[in-house]
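Notes for the structure review
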2 protein chains.
Amino acid sequence: MTIVYLAIVCGLIAVAYGFLTSQQVLSAPAGNEKMRDIAAAIQEGAKAYLGRQYQTIAIVGAVMAVLIWVFIDQMGAPLSLISFLIGSVLSGAAGFVGMNISVRANVRTAEAARTSLQGGLTLAFRSGAITGMLVAGLGLLSIAVLFWYLVAQADYAPNGRPVIAALTALAFGASLISIFARLGGGIFTKAADVGADLVGKVEAGIPEDDPRNPAVIADNVGDNVGDCAGMAADLFETYVVTLGLTMVSIALLVKGLPDALLLKLMALPLIVGGVCILTSIAGTYMVRLGKGQSIMGALYKGLWTTVLLSIPAIYFVTQYALGDMNAPLSGLGVDPGAFLDASSSAITAEAAIGLATGPEFTGNSLFFCMMIGLVVTGLLVWITEYYTGTNYRPVKSIAKASETGHGTNVIQGLAISLESTALPTLVIVVAVIASFQIAGIIGVAFAATSLLALAGMVVALDAYGPVTDNAGGIAEMAGLPDDVRHRTDALDAVGNTTKAVTKGYAIGSAALAALVLFGAYTTDLKEFFPDVRVDFSLSNPYVIVGLLLGALLPYLFGAFGMTAVGRAAGAVVEDVRAQFRDNPGIMAGTSRPDYARTVDIVTKAAIKEMIIPSLLPVLSPIAVYFIITAVAGQAEGFAALGAMLLGVIVSGLFVAISMTSGGGAWDNAKKYIEDGNHGGKGSEAHKAAVTGDTVGDPYKDTAGPAVNPMIKITNIVALLLLAALAAGQGVG
Amino acid sequence: MTIVYLAIVCGLIAVAYGFLTSQQVLSAPAGNEKMRDIAAAIQEGAKAYLGRQYQTIAIVGAVMAVLIWVFIDQMGAPLSLISFLIGSVLSGAAGFVGMNISVRANVRTAEAARTSLQGGLTLAFRSGAITGMLVAGLGLLSIAVLFWYLVAQADYAPNGRPVIAALTALAFGASLISIFARLGGGIFTKAADVGADLVGKVEAGIPEDDPRNPAVIADNVGDNVGDCAGMAADLFETYVVTLGLTMVSIALLVKGLPDALLLKLMALPLIVGGVCILTSIAGTYMVRLGKGQSIMGALYKGLWTTVLLSIPAIYFVTQYALGDMNAPLSGLGVDPGAFLDASSSAITAEAAIGLATGPEFTGNSLFFCMMIGLVVTGLLVWITEYYTGTNYRPVKSIAKASETGHGTNVIQGLAISLESTALPTLVIVVAVIASFQIAGIIGVAFAATSLLALAGMVVALDAYGPVTDNAGGIAEMAGLPDDVRHRTDALDAVGNTTKAVTKGYAIGSAALAALVLFGAYTTDLKEFFPDVRVDFSLSNPYVIVGLLLGALLPYLFGAFGMTAVGRAAGAVVEDVRAQFRDNPGIMAGTSRPDYARTVDIVTKAAIKEMIIPSLLPVLSPIAVYFIITAVAGQAEGFAALGAMLLGVIVSGLFVAISMTSGGGAWDNAKKYIEDGNHGGKGSEAHKAAVTGDTVGDPYKDTAGPAVNPMIKITNIVALLLLAALAAGQGVG
């Protein structure tokens, strides 16, 4: 248990870091009165939205809580219910706290940017780091404390069913909140952004962030509730699911270890997460501009410091936890039967050997798998920068294509978005093969764990983006001098890339985790329903059916998301037009637009639009199971459901990466032109690039990123469904 | 053999219909001298392009032929080699003949439209019907004659390895040509179209098809080489692969039937194809305008006539071929072991029963499965019309979104394209489940066969499109009165929908065939490598790896296709700009642009750009097999390769449908606005809709449709690889 205690300490350090750093940030000067006024309007709007969003989610959450209590806890001790509530409340809290610091850091960043680029960078990045450390810290605390309570207080076996059930319910709570937060926030931010641009830039011919535009506050609110709160909830979810499911899969798959060693192995992901919080905190202090004044370079210094420090740190804690790094870790081996038997296959000797690269795994094997996770992080960051950075072929090719018009800009952007899926897929494929060869499914799980262990740092890089975006808006609205706006713009351009990085990172971890989640599904299936022989072979037509239906989900979800943004943006356009029409003083600059009215309209639209798509991944697995079971029997129902879990990741990986990378590339192609290339601002190429940027907006900030929690939800609902069916039949 | 003879007679009737109808079409008046001049330029360009394209393909084909002879025929009797050549030559011929009639019918349609809508419709549709009947007729003849020769002349057993090998090689020949033709033609047509629009409509401000635009002839040539020749080669391929693979899967899977009955069962797809040619010909005579002058209604009359006549016709030939419709057809049953054993699974009793819905299948079961194929055809047509027709929500929503600008038009179009995948997927899923429940894998194969049996009629509906498109171009360039252009425009708008229908139909059949192709792969695997135990279960990480790599192919292929169009269109823009600059007489209307130069530039660009993407699906399966085998052994190599075959369809289905339906919707949203809605021609909404149309062009006519042959090639290459590996080891 010492290991778990140490992990809890690391989690507390993260929270303390967040608290102390936020004192620092808040003590920075908040600018003149006009700036403070604007910031107050943004704060008010963001809080109002988040409050309403959480109220709505609370209703869905309450229904789910009742269902969990009735079907999973069987109306008995509310173990799953309470775990679900912890996951959902903390996921919401991560978003809320992140948003709360972000709406205060924005104006301070604008003020700091008055004096220097470094000043703005430091403030914005510190604010991002607060969100990052809170996401990782709260995530780690939730799992570690729950695990500690169950094992040390309630005295359950570390690999017992109650522990597995509680960790799964915790993950479900986090996922459920995060899909609503990601999607609702994504719809809000892009509806406001697109609406403001359409009616402001295009119709009225006023610049971005012009205070005469009634939608301008809504646009800035959107950055906070979407890119900050939504993102934080999403990464909290990814963190909890990945670390939690790694522990679950150890519990399910590793058989025959002495109890003490099993406990240590299960606690290893926690201490790895803990130590990486420390290396992430160390990394945040390395974010400083060098001689070249490269902002990306400064951020990279922080990231690479964290990565490099994590290598010895992970080695150290692995050795500390497991003792002998060369001792075989699975006395009786990762039981390949436990895994493969769940399919209708009797294990052949060859197949067992294929899986059994595991049995001989050692502390060293796990360390190597975790190194693979770090390498994957580095490669995903590098690939994303290549596809979305202004220095490379993809963004330049879109900018060039803008010269021949709107159509060619969009065509080239779509081509890049399709292409951008290739390298990440190859990286993930190689990582799966390598970590599987080293230590089987458990190896893949540990690769995903070390990937996610860096979440604190990665989220810090991301959460910095909306702060600088807002700072630019405040500088513009408060009429600060041009050089301030130039500094905030420079900070913001890098934010486009770092935002894309986080999304690629989250979806990449989902792909790595897919095999682990499927492993948990099949093992559960075997334990709960030992008599149902399920054939997961690709020659079973119900497997094909499941793959196709799973693959459909991201498409349908994407369609909902895109349509929702279009519809909500339309509502913004109409409101702004009405305000201009009814109050001519607005355009003249003599009277103030009714910002709150527009915020209110976007709020209502976003909340209305988020509900149905968010329920899609919750209800689809249940529907598929019951329909196929009715048509072809329970075994085929389970087969189709299992295949659906893989179908959703096989197609979701591509949909998500193409949307997030493509959208980032479009955005930066516009910025590249605004930097004076291909005719610069106001040229025909620039107009075309604005169109591309508009198209990329819902791609990269609404539909694309929400695919990640959608995939997890589908998987976790399937696990819960198994548990509920088993409990209903008195099997579980 | 009588059944095969009857099928051959039907094939000959189709060819005769084509010959006679082309006499009729050619005897129609070809308009005035100016019209004939323009038509001659189009003919010349189309022939020049197709000639160059076939020369290039011939080189690739020759290399493949040598490889097939060396590795498959093992340098012995060139059975596979000759079958491959037949497939490739006839696929090329289908495209060539279709193009040839289309470039003659265009000017005659324009002339006929001078007098009446019905006149134009009749001529254009007849010309389409010629292509349609030749595609189905040549496809049927190639399989039937080959089968007849092998069984009746060379005396091989109908289910013997030589027959299977020859049918597979025939399919490969057809597929290889068709991917080049689809992609090369697709790049040509859209590069010319986009290039002409960008520099003509956007820069020079001259209308579409204005004779002063040097790219205008290239644009019209493109309709013929892409939408006609490329499409014909594609559908020829789909027809041959589907019918051929149905026969192959009967040979591989149905065990224990008496020889005579087995021969009849194998010939059943041929006679079904034959009789549906007759019902298709009957249908063509029903294409007449009713009182409402609805063009779509007239075409539907033809289609529904064919569908309705096919119901009793299929019943009749099934009964004729099999005799007792209630007698169980698989004496010892579709051997489920043959199928499932290929995976590492020892068959459990339950799994065998799951598959064994087959054993009791009868003539009636197969008839019902074929009815499912007809229902799927009807539903796919209806769904495609819903998503691309101007009367329904999707197209109207894009038109409405155009009011707020280019960006919202594209966002809504992308949302519709994502959404449009849902209903076809559900239809296919239900069809797979239903036909599988009725008669197992063989049932699914027969559903696909009856779907494709209507290819003659469906291709007729499609090939009518480019003729009317050209007719409109000629009317414009020859300065015919406005009412002629109105008539050709009306014909053309319907063509956008029918073109989308064919693409959805082709990809839908590919999804149905996926299970059959995978069945052939696993059965081959088991026969060739009985000692290699391959685990196709989803819990095998190499299966996940294969699924991901397969899913990547359509994305990468789509990226190549889109980029190629962008690049080639750029070359067109530069050439046209140069012509305008060097020869000011062109814009003044005093001197004639150098049309041939532009055609030549597009030709070179399209041929250069088609090669690498077309080789992607040929080389990827081979690379995946060898790399994974090197890393993890042969069993995992086979597992990853098999999973790749399903990955490519699971993702390709969505990529293809979203691109073709979305593109059609964008195109018709523009037409809907041009009909006077949302401000009509010249409004801001119209400009936005033109952007959407430009984006949709490479989506629907280049990248999307080429996904269908790409999927087939990947599958067939895998089958050939197995045969080559087996032959190399002396196993085959």
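Everything quoted here is computed from the prediction, not taken from an experiment.

Contacts between the two partners involve 77 residues from chain A, matched on the other side by 75 residues from chain B. Where chain A abuts chain B, roughly 6,800 Å² becomes buried across the two surfaces, and 80% of that area is made up of carbon and sulfur atoms. There are zero salt bridges connecting chain A and chain B. Counting across the interface, chain A meets chain B through five residue pairs in polar contact (both at pLDDT 80 or more).

Inspection of the entire model under this criterion finds zero disulfides over all chains. There is no disulfide at A:C10, and the cysteine sulfur nearest it, in A:C276, is 9.5 Å away. Here B:C369 stays unpaired: no disulfide links it, and the sulfur of B:C276, its closest cysteine neighbor, is 15 Å away.

Moving on, we get to the pattern of salt bridges. Evaluation of the coordinates by the stated rule reveals 56 salt bridges over all chains. Among the salt bridges present, the one from B:K671 reaches B:D492, with a minimum N-O distance of 3.8 Å. In this pair, B:K671 sits in helix α20 (residues 634–674) while B:D492 sits in helix α16 (residues 482–528), placing the two residues 179 residues apart along the sequence. One network of salt bridges, in which partners are shared, links A:K190, A:D193, A:K503, A:D667, A:D697, A:K700 and A:D701.

Below, the discussion takes up a nonpolar patch on the surface. Together, A:I59, A:V63, A:L67 and A:F71 line one region of the surface with nonpolar side chains, adding up to about 380 Å² of accessible area. Looking at the element boundaries, A:V63 is found in helix α2 (residues 33–72).

This part is about the confidence of the model for chain A. Residues and elements named next belong to chain A. With 95% of its residues at a pLDDT of 70 or more, chain A has an overall mean of 90. Low confidence marks residues 331–358, where pLDDT is under 50. Its contacts with residues over four positions away, or in another chain, come to 70 contacts. Across the predicted assembly, pTM comes out at 0.93 and ipTM at 0.93.

Take chain A, turn it by 180°, move it 0.0 Å along the axis, and it overlays chain B with an RMSD of 0.0 Å. One copy is carried onto the other by what is essentially a two-fold rotation axis.

Turning our eyes to something else, we now look at the packing of aromatic side chains. Using the criterion set out here, one finds 36 aromatic pairs over all chains in the structure. Taking the centre distance of 5.2 Å and the plane angle of 75° together, the rings of B:F518 and B:F536 count as edge-to-face. Highlighted residues: B:F518 in helix α16 and B:F536 in the loop between α16 and α17 (541–582), separated in sequence by 18 residues. Here B:F518 and B:F536 have matching classes, each one buried. In this structure an aromatic cluster arises from ring pairing among A:W382, A:Y386, A:Y387 and A:Y392.

The next subject is α16(B). All names here are of chain B. Along its 47 residues, α16 runs 66 Å from first to last C-alpha, staying within 8% of the 69 Å computed at 1.5 Å per residue. Along α16, the sharpest kink reaches roughly 40°, centred on A513. The buried fraction of α16 is high, at 38 of 47 residues.

It is worth spelling out the nonpolar core at this point. Grouped together as the largest cluster of nonpolar side chains are 582 residues, with contacts concentrated most on A:L366, A:Y521 and B:Y521. Apart from the residues within four sequence positions on either side, B:Y521 is in contact with B:F536, B:F638, B:L641, B:G642, B:L645, B:A718, B:L719 and B:L722.

Right, let's talk about the packing of helix α11 (residues 363–388) of chain A against helix α14 (residues 422–453) of chain A for a bit. All names here are of chain A. The contact between α11 and α14 brings their axes to 8 Å, and the two run at 160°. Viewed along their axes, α11 and α14 adopt a mutual orientation that is roughly antiparallel. As for how α11 packs across α14, the hand of that crossing is left-handed. Grouping the amino acids of the contact of α11 with α14 by side-chain chemistry returns 22 nonpolar, six polar and no charged.

On to the UniProt feature "site: Determinant of potassium independence" (unreviewed entry) in chain A. Residue and element names in this part refer to chain A. UniProt annotation of "site: Determinant of potassium independence" (unreviewed entry) refers to K499 when read in the numbering used here. Residue placement: K499 occurs in helix α16 (residues 482–528). Residue classification places K499 among the buried residues on the basis of a relative accessible area of 4%.

Rules behind the numbers
- Throughout this document, residue positions are counted from 1 along each chain, in the order its sequence is written.
- Ligands are numbered from 1 and chains lettered from A, in the order in which they are written.
- Local features in this predicted model are restricted to residues whose pLDDT is 70 or higher, and side-chain atom pairs enter the listing and the counts only when it is 80 or higher, whereas totals over whole chains, interfaces and linings include all residues.
- In computing side-chain properties, one takes all heavy atoms of the structure into account and sets aside hydrogens as well as water.
- Any two residues having at least one pair of non-hydrogen atoms within 4.5 Å are treated as being in contact.
- Defined here as a combined quantity, buried area equals the accessible surface (1.4 Å probe) lost by two parts on assembly, summed across both.
- Salt bridges, as used here, are contacts in which a Lys or Arg side-chain nitrogen is within 4 Å of a carboxyl oxygen on Asp or Glu.
- Polar contact is defined as a pair of N or O atoms within 3.5 Å, subject to the rule that within protein one atom must be able to donate a hydrogen and the other to accept it, and that residues adjacent in sequence are counted only when both atoms are side-chain atoms.
- The disulfide criterion used throughout: a pair of cysteine sulfur atoms within 2.5 Å.
- Labels follow the DSSP assignment, with helices taken as runs of H or I lasting at least four residues and strands as runs of E lasting at least two, numbered in each case from the N terminus.
- Within this analysis, patches are made of residues with over 30% relative accessible area and no salt bridge. Like charges are joined at 9 Å or less; nonpolar side chains (Val, Leu, Ile, Met, Phe, Trp, Tyr) at 5 Å or less.
- Here, Shrake-Rupley sampling with a 1.4 Å probe gives the accessible areas, and only protein chains in the shown set may cover a residue.
- What pLDDT reports is the predictor's confidence in each residue, on a scale of 0 through 100.
- Only residues with pLDDT of at least 70 in both copies count here: their C-alpha atoms drive the least-squares fit that superposes the copies.
- Paired rings are identified among Phe, Tyr and Trp, the last through its six-membered ring, by centres lying within 6.5 Å, and are further divided according to the angle between planes into stacked (under 30 degrees), edge-to-face (over 60) and tilted (the rest).
- Burial classes: relative accessible area under 20% of the type maximum marks a residue as buried, over 50% as exposed, and values in between as partly exposed (1.4 Å probe, protein chains only).
- To estimate the expected span of a helix, count its residues, drop one, and scale the result by 1.5 Å.
- The bend at a residue is defined as the angle formed between two axes, one fitted to the seven residues ending at that residue and one fitted to the seven starting there.
- Nonpolar cores were defined as sets of buried Ala, Val, Leu, Ile, Met, Phe, Trp, Tyr and Cys residues, with membership established by side-chain atoms within 4.5 Å.
- In this analysis, axes come from line fits to C-alpha atoms, helices being fitted only over the stretch in contact, and the angle between any two N-to-C directions falls in the range 0 to 180 degrees.
- In this scheme, roughly parallel covers angles under 35 degrees and roughly antiparallel covers those over 145, while 65 to 115 is roughly perpendicular and the rest are oblique.
- Definitions for this section: a left-handed crossing has its near helix turned counterclockwise from the far helix by less than a right angle. A right-handed crossing has that turn clockwise.
- When residue character is reported, Ala, Val, Leu, Ile, Met, Phe, Trp, Tyr, Cys and Pro are called nonpolar, Asp, Glu, Lys and Arg charged, and the others, Gly included, polar.
- UniProt positions are given in the numbering used here, feature names are shortened, and annotations may be inferred rather than shown by experiment.

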